[in-house]
Amino acid sequence: MKPNFIQKVTNWGNFPIVEKEMKSEDNFRKIKEFVQNHNEVIARGNGRCYGDASLGESIFSTKKLNKFISFDRLNGILECESGVLLSDVLEISVPQGYFLYVTPGTKFISVGGAIASDVHGKNHHSEGCFSEYVIDFKLMTENGDIITCSREENSEKFYATIGGMGLTGIILSARFKLKNIETAYIRQESIKAENLDEIFRLFEESESWTYTVAWIDCLQKGKDIGKSILMRGEHAFAHELPTKFSKNPLRLKKKFSPTVPFYFPGFVLNALTVRLFNLLYYKKQTKKELKNIIDYETYFYPLDAINDWNKIYGKSGFIQYQMVIPKENGKEGMRKILETIANSGNGSFLAVLKLFGKNNPEAYNSFPIEGYTLALDFKVNSKLKKLVEQLDQTVQEFGGRIYLTKDSMSKSSLTDYLKNVESSKFVSLQHKRILNNK
C-alpha cells in the first residue's frame, strides 16, 4: 500500500499525468523539514500551468500558504503568501479601486506561480511583466534558510527567481504594487481583420492602447491566413459607464458559472469541429468594428467563466504551445507557423496572438522578447509530436523561443534562456527533460 502522500498529479492540460509525492504545509519549520529531507523538490501553486514545469519527484504544494499579510490601501501595495490566487487578490482589491498591473488569461494562478513564470498579459507592450511590480519576496533556499529578495537585497536570487520556474527555491510570500482604477469595467473595441497583413497593421496602430489581444483562426490558408479579431481595451472611467453600471462601478454582480461535467469523447474535437467553431466565432461579430463596455472578467478571463473547461479536450489531455518570434521576423515567422498548423489538421479553438514590447534585460529568465507571441491549444494525439517538432524548427529558424510555463514537449535549444537556476535540490520533470535533450 502506497503512503497517502503519493498521488496522481497533473496540471491543467491533463498531460502528462505522474504518480509522485505531494505535500502541503503552512508552517515554515515543516516546509524546511520537507526540503531538507528530500533530494529533489519543486514547488507547485494551483496547477494551472499547462506542462510539466511544476511536477517533480517530490512536490511541495503552496495551497496552504493562502493568507494575506497586509494591504496598504493608500499606496496600493499588497503583501500575501505565495499560494494566494490572483482571484483572491482581485476580490479584495477591485472594490477598493485597485487592479493587477499584469494578469495572464486566468485569475486562478498563485502569486508564487506568477513570479516563477513571470507572467505577461495583454499589456506587455505597454506595462511589461508581473515582475515589474514585485517589490520583494521571501524565498526558502536549498538548506532551508529564508531570505528576502529584492532589487537591492539578494538581487542575484531576485532576478534568477523571476521566470526561474521554481528552480531557485520555494517562494513563501511576496509584496507587489497594484494599479488604480475607477471602475471594474473595460472600454473595448473589437476589429475584424481579413488576413495576417491587416492584423499586424492593427497591432501597430494600437500600440498606444494599454491592452491588445487577437483571436486568430489558425486553420485558414492562402489569402485568408491570419483571419482574426483584435480586441483592444482600456480601464473605463466612471463617466464612461452606462447608467446600469454606474451605481456600483467597482462591484460586479455574481454570475452563474457552468461546469463541464465529464471528459468529452476523443472524437468530438477534430479539424471539422474546430473549423466550424472558428467560422461561427468570426461571424458572430457582424460589424467590422464594435465598441462596448464590458466587465473586467469578460475581457481578461473569458475561459474562467466555465469551470473545468479543460475536460473538453478529453482524457488524453492537451498541450498549449506558446512561442514568440522577434518583431523583425514576426509576420514571416507567423505565416509559416500558421501554414504548418493548417496543413497538419491539428486545429486549435484557442489561438491567441499578442504583441510584446521590449524585454527587461535585468529579468533575464523572463520569456518575452520584443515581437509577436502566439498561444495555441492542441489535443494530445498521435500526430502532435511531429507538429511540435515542426513548430520548434520554425521558431528556431526565426530566432524565437518558447514559453516554459506552457511547455511539455519541446526541445532544449528553445528553452536555454534560463540562467543561474542550477540546483541540486529544486528540480522539475521539465528541467530534467530539457537537460536530457541536450
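Residues numbered from 1 in each chain as written. Predicted model: local features only at pLDDT ≥ 70, side-chain atom pairs only at ≥ 80, totals over all residues. Heavy atoms only, no water.

(A) Expanded view of the UniProt feature "transmembrane region" (unreviewed entry) in the protein. Following the UniProt record, the feature "transmembrane region" (unreviewed entry) maps to residues 262-282 here. Helix makes up 57% of residues 262-282 and strand 0%, whereas the separation of the span's terminal C-alpha atoms amounts to 28 Å. (UniProt positions renumbered as here; feature names shortened; annotations may be inferred. Helix = DSSP H or I, 4+ residues; strand = E, 2+ residues; numbered from the N terminus.)

(B) A nonpolar patch on the surface, seen in detail. Among the surface-exposed residues, Leu276, Leu279 and Leu280 lie close enough to one another that they form a single nonpolar patch of about 290 Å² accessible area. Among the structural elements, Leu280 can be located in helix H8 (residues 271-284). (Patch = residues over 30% accessible without salt bridge, like charges linked within 9 Å, V, L, I, M, F, W, Y side chains within 5 Å. Areas by Shrake-Rupley, 256 points an atom, 1.4 Å probe, with all protein chains shown as cover. Salt bridge = Lys/Arg side-chain N within 4 Å of Asp/Glu carboxyl O.)

(C) Structural detail: the sheet that holds strand S17 (residues 371-379). Here we have 8 strands laid out as an open sheet, ordered S14-S11-S13-S12-S16-S17-S15-S18, and antiparallel in their pairing. One side of each edge strand has no neighbouring strand; the edge strands of this open sheet are strand S14 (289-295) and strand S18 (401-402). Here strand S11 (residues 185-193) runs beside S14; their pairing, made up of 7 bridges, is antiparallel. Bridge pairing links Ser190 to Leu290 in S14. Sheet strands in contact with helix H6 (residues 196-205) are S11, strand S12 (211-216), strand S13 (228-235), strand S16 (351-356) and S17, and its direction is about 150° off that of S11. In the packing of helix H11 (residues 384-397) onto the sheet, the strands contacted are strand S15 (318-326), S17 and S18, and the crossing angle to S15 comes to about 15°. (Pairing = 2+ DSSP bridges. Contact = heavy atoms within 4.5 Å. Axes fitted to C-alpha atoms, helices over the stretch in contact; angles between N-to-C directions.)

(D) Local environment of unusual backbone geometry. A cis geometry characterises the amide bond from Phe15 onward to Pro16, with omega recorded as -5°. Here Pro16 is to be found in the loop between strand S1 (6-9) and strand S2 (18-24). Its identity is not glycine, yet Met165 carries a phi of approximately 60°, on the positive side. Mapped onto the secondary structure, Met165 falls in the loop between helix H5 (155-161) and strand S10 (170-180). The exposure class of Met165 is buried, given its relative accessible area of 10%. The phi dihedral of Asp308 falls on the positive side, at around 60°, and the residue is not glycine. Structurally, Asp308 can be placed in the loop between helix H9 (296-300) and S15. (Buried < 20%, exposed > 50% of the residue type's maximum accessible area, 1.4 Å probe, protein only.)

(E) Representation of the side chain of Asp52. Along the chain, the position of Asp52 falls in the loop between strand S3 (42-44) and strand S4 (58-61). Since its relative accessible area comes to 5%, Asp52 is described here as buried. There is a polar contact of 3.0 Å between the side chain of Asp52 and the side chain of Arg433. Dropping the residues within four chain positions of it, Asp52 is found in contact with Asn11, Pro16, Asp407, Ser408, Ser428, Leu429, Gln430 and Arg433. (Polar contact = N/O pair within 3.5 Å; in protein donor to acceptor, adjacent residues only side chain to side chain.)

(F) Structural view of the environment of Ile434. Tracing the sequence through the fold places Ile434 in helix H12 (residues 429-437). Distance in space between the C-alpha atoms of Ile434 and Arg232 is 36 Å, their sequence separation being 202 residues.

(G) Quick look at the packing of aromatic side chains. Throughout the structure, instances matching the rule amount to 25 aromatic pairs. A centroid spacing of 6.1 Å and a plane angle of 50° characterise the contact between Phe34 and Phe60, whose relative ring orientation is tilted. One end of the pair, Phe34, is in helix H1 (residues 28-36); the other, Phe60, is in strand S4, and 26 residues separate them in sequence. Residue classification places Phe60 among the buried positions, given a relative accessible area of 0%. When the ring of Phe99 is compared with that of Phe300, the centres are 5.2 Å apart and the planes differ by 35°; the resulting orientation is tilted. One end of the pair, Phe99, is in strand S7 (residues 98-100); the other, Phe300, is in helix H9, with 201 residues separating them in the sequence. Comparing Phe99 with Phe300, the two get one shared label, buried. A connected cluster of aromatic rings, assembled from ring pairs, spans Phe99, Tyr211, Tyr296, Tyr299, Phe300 and Tyr301. Stacked on the ring of Tyr299, the Lys or Arg Lys122 has its end atom at 5.7 Å from the ring centre. (Phe/Tyr/Trp six-rings, centres within 6.5 Å; stacked < 30°, edge-to-face > 60°. Lys NZ or Arg CZ within 6 Å of the ring centre and 35° of its normal.)

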